[in-house]
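Here's the letter readout for the chains.
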Amino acid sequence: MSKIQLINQFPADETFTLDKRIRLLKKRKLEQTQEKIDAEGGLDEDDYGRVVAPDDFSFEITPTHSDGSFYGYKGWTENYTKLLAAHPLYCDPLDAFVGRGFFFLTRRKGSIWNPDHPYSDLKEAFKQYNIICGIGSDGHFTPDLRMGFELGWGGILAKLKKYQAINTAPGNAEFYESEIAVVRAIISFLNRVGDELAQLAEEECNPCLAQNLREMSGVNHAIASGAPKTLRECIQWMCWFSFLSRLYNRGPSGGQLDELLRPFYERDVQAGIIDDQTAKFYIACLLLNDTRYYQLAGPDEAGRDMASHVSYLILEAADWIDIACNLTVRVHDKMNEDFFYRSVEYLFKNKNGWPRFSGDNSLVEGFMRCGYSKELARKRLAAGCHWMSIPGMEYTLNDLVKINTAKVFEVAYYEMMHSEPDLASTELLWKYFERHLGAAVRVTAEGIKFHLTWQERNEPELVCNLLSQGPVEKGLDVTKAAVYFNMCIDGAGIATVADSFAALQQRVEQEKKISFAGLTRQLELDYQDLDGEYIRQMMLHSERYCGGDTLGDAWAVRVNELFTRLVRAECSRYPGLNFIPGWFSWANTLEFGTNVRATPNGRHSGEAINHGANPTSGFRKDGAVTAMANSIAGVQPFYGNTAPVQLEVDPGIANTPEGVSKMVNMIRTILETGNTLLNINIIDKNKILEAHRDPSKYPDLVVRVTGFTAYFAMLSPEFRQLVVDRVLAVNGDVPEGSVA
Amino acid sequence: MAGMITEIQRFSLNDGPGIRTTVFLKGCNMECLWCHNPETISTNREIHYYENNCIGCYKCVTVCPSKAHKRIGGGHRYFPKLCITCGKCADICYASAMVMSGMVMETGAIMREILQDKAYYAGSGGGLTISGGEVFCQLPLAMELVTACGREDVPVAVETNLAFPFDYMQPLIQKLQLVMCDLKLMDGGLHKKYTGADNALIVDNIHRLSACGVPFIVRTPLVPGITDTEQNISSIAEFLQGLSGLQYYELLNFNPLGASKYKSLGKPNPFQDVRPLPEKRVQELAALAGKAGVPVRCE
């Protein structure tokens, strides 16, 4: 049984330094990860800081609909407040903070969409083009934690009551009643936590740990309704907000961590109540608590670098705890070079995928093309796997809406071969592709509009509304009341599509090695017809995307330009909605592949499509990072969202100061040449191969899977293979002598 | 100007300062027994056979004019002695079982590839490295590349054995960012035995290189039992004492990665089972070299 109140684990006379506590907390984290693997099997997503629920805890939802699920303000309020009242306290006396969750309520309720608002007219097109439509999806925008720091839960309650008195229209009543009930439940929960911690302090035999429990009790009583005043109270407040929002629906992202913490740190230092070692301990415990996405450094609204002493403390804390965490350093023209260098040093030292790096120039200039000011664009922070968000100001559906363009290609290809087989050509195919991609984008935008119309009745954002500008003031859900609606539409499969067009152009049209009809027969039979493997190899080794000025590169640029134009065109159809294109497949790379038959780029039926904006494995014999980054820079939609570069790098290349400097220059150049976001895995090839054979040997091996980091052992075998393939590809481990 | 090259490797981090592109030229005037790039020794094109990659399509059997490929007993067999290196099999072998080493490329095409990473050179202090084979075996091509790079502000370094008359090399050397040269053995007799060339010219050229003001690095590959003796390393280090322009003396551990290439070329590999030196031994040799007062680095 998983223990969640770890009292009396040590003898009464044992003493603890902060360093010892960190080591023990990390060890416990690895044990908890193994428990999750044992209890839940592989999971191709973020760690979220969750722990396995104790055996004696159970929770049954209260359905509010005949389909057995619950929806709308009433259903969510009733179930969430019930869950909060029942949720036991996770407490580790070694930690500086309490609060871990077991699951997300969204995943316990059954159906996630209220059947009273059907969209069967859209479903056929979603299926045809393999679209992840986002209808009924939640979170994936960034609340403004500073609102919470300023008001505390008591202040938020007062604010709700104030606006309830102003907005008395019947349409607002349900919003205020629900939000007030939720905040009251939170305050009550936190007071209970404070009481329980005081009781646990009495039970704890070790005086050092008992003192920590008493301190935690005081902190929790203080922030139950009051605004946090110290760094410790601030971070405990953040931990609870993570817990509360995750418990509701997996929740949103973090924010500009250094700037969030700096006022509290500086106040504590001035008051003489904290030293740097203790501050780092608190920050390390925050990173241990949850794998939220945070940004570090970058420009403020006026363009001044925000790297501060606290930014360094965060890096040092992350180095100390050295677990999966999602820190992004924003690289810009006035960067603190020392901080940049240090961040790269840590990346190579710990090899845990943190930090990653975002490119300010491309992001800001791109977002400004949507009509926003530079000041606002600079506030749009790295906040998720591949996405940016302005804290408290926008609703986005980031990373929740995806079009499988490889599926669109398949539909276009077979329609052409069915309708005009004798005229088949890449230019004719392009016309079919253009038409079908247009249809896919149109129906996707329609789906987003549908979601925005009904999501309040389906799943209001009862937690995140509280830290957003608009909802409380207007008495409406964030899906109705956000300041900006910057709606994300991502494409997936750009390399699969571009390489397919390139292979057709090169092998069928230029070299005349095979006809369209002959190839179609092979595709239908998954390259199992006569000479199938030979033909597959021939198509596979055509000029590929990321090869460097290849046919594949040219087609990728064309595909991106089309996709971008089509997505942006939807803005005029839906005034008030700003649709932003990007290229990202998240962990859907495998699933998307299962829905696409064999493709002309030599890909077998059901094989994964390419990951995000990355090329397919074996794109070049030398696996040159620079070639890859140049090509990905060429397919940036450039409207403020990203097409990330995912790099797998051998640890040996930065084991000297000179090597680190080379990596600093590489990262800077990748981002200066038009790229938006850079995820880097530092992975020893032999280690990951061994971990793939026996994951239990490396419980602490962390990889940046797509945008998120995860314990390698937690991933499914299929996803582990995907990561291994990427590592092998950049080690030049395409088949011996292979000419890519 | 066209030249024979084996490979262009971008994002090269170990062939000079910063981020570089390395162009490997084909053809060398020495024949070091331990060479880990055996395909770069001959100036002629060569065929590699990677048996494991063969998918059994037998297309090579149908295109080969010299019957070097045969279908025997339900399997593919390759007879290299019959091969006339026409490359027809490699052209149609998409599975990369038959791979042609050596391609003729024009300066313009090489430059197009080099310039794709220009942004990376500028930021990192990198540029082009011309390697081999031996760069001075294709001096006219190298000269054109250096001139073209000069127009684009791309610095150029070379990796060379310096086994040519200095006056022949000097016009190119004077335009370089850096020269990386090998001095494998200080003993002239052993040098001749293992590389096929006397080292007197090389030793003299290192002196002249030092005098001409171009920064340079001297490197010794640590071949177990041959170049890794304390006497060899310390005598090379002593020779390098006080040479102006020397950036550092570098010890390169033995590279066993050429084994599959020897096999694919059907060439005997005298160092088949030789492994790199233990890290500790490399550090000891570096410390020994350091006693001569020259800066020392090791891989």
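Residues and elements named next belong to chain B. By domain assignment, chain B separates into domain 1 (2-43 + 103-298) and domain 2 (46-98). Listed per partner, the contact involves five residues of domain 1 and five residues of domain 2. Within the side of domain 1 that touches domain 2, the residues separate by chemical class into one nonpolar, three polar and one charged.

On to unusual backbone geometry, then. Generally, phi is negative for residues other than glycine and the peptide bonds are trans, each holding for most cases. Following Trp 354 of chain A, the chain continues to Pro 355 of chain A via a peptide bond in cis, the omega torsion being -10°. Within the element layout of this structure, Pro 355 of chain A appears in the loop between α11 (337-350) and β5 (356-359). With an omega of 5°, the peptide bond between Gly 132 of chain B and Gly 133 of chain B qualifies as cis. Summarising the element assignment, Gly 133 of chain B is placed in the loop between β8 (127-131) and α5 (139-151).

Here we take up the pairing of strand β2 (residues 20-25) of chain B. Residues and elements named next belong to chain B. Burial of β2 is extensive: six of the six residues sit out of reach of the surface. Pairing of strand β1 (residues 2-12) with β2 involves five bridges; the strand directions are antiparallel. Paired with Gln 9 across the strands is Thr 22, a residue of β2. Here β2 runs beside β8; their pairing, made up of five bridges, is parallel.

Residue and element names in this part refer to chain A. In space, the six strands of this open sheet follow the order β2-β3-β4-β5-β13-β12, with mixed pairing throughout. The strands lining the two open edges of the sheet, one partner per strand, are β2 (255-256) and β12 (645-649). Where β12 and strand β13 (residues 677-682) come together, five bridges link them in parallel fashion. Paired with Val 649 across the bridge in β13 is Ile 682.

Time to look at the interface of chain B and chain A. At the junction of the two partners, chain B supplies 27 residues and chain A supplies 26 residues. For the side of chain B that touches chain A, the element with the most residues is helix α4 (residues 118-124) of chain B, which contributes four residues. Looking at the side of chain B that touches chain A, its residues break down into 11 nonpolar, 11 polar and five charged.

Another aspect to go through is the sheet that holds strand β7 (residues 103-106) of chain B. All names here are of chain B. With mixed pairing, the nine strands of this open sheet are ordered in space as β7-β1-β2-β8-β9-β10-β11-β12-β13. Each of the sheet's edge strands pairs with one partner strand only, and the pair in question is β7 and β13 (296-298). For this sheet, the mean inter-axis angle between neighbouring strands, taken without regard to orientation, is 30°. Sheet topology note: the strand β9 (residues 156-160)/strand β10 (residues 178-182) ladder contains four bridges and is parallel. Among the inter-strand pairings, Ala 157 is bridged to a residue of β10, identified as Leu 178. Those strands touched by α5 are β1, β8 and β9, and its axis lies near 175° from that of β8. Packed onto the sheet, helix α11 (residues 279-290) meets β11 (216-222), β12 (246-253) and β13 and runs at close to 155° relative to β12.

Calculation criteria
- Residues numbered from 1 in each chain as written.
- Chains lettered and ligands numbered in written order.
- Predicted model: local features only at pLDDT ≥ 70, side-chain atom pairs only at ≥ 80, totals over all residues.
- Domains from an automatic or database assignment.
- Contact = placed C-beta atoms within 7 Å.
- Nonpolar A, V, L, I, M, F, W, Y, C, P; charged D, E, K, R; others polar.
- Helix = DSSP H or I, 4+ residues; strand = E, 2+ residues; numbered from the N terminus.
- Buried ≥ 20, exposed ≤ 12 C-beta atoms within 10 Å, placed from the backbone.
- Pairing = 2+ DSSP bridges.
- Axes fitted to C-alpha atoms, helices over the stretch in contact; angles between N-to-C directions.

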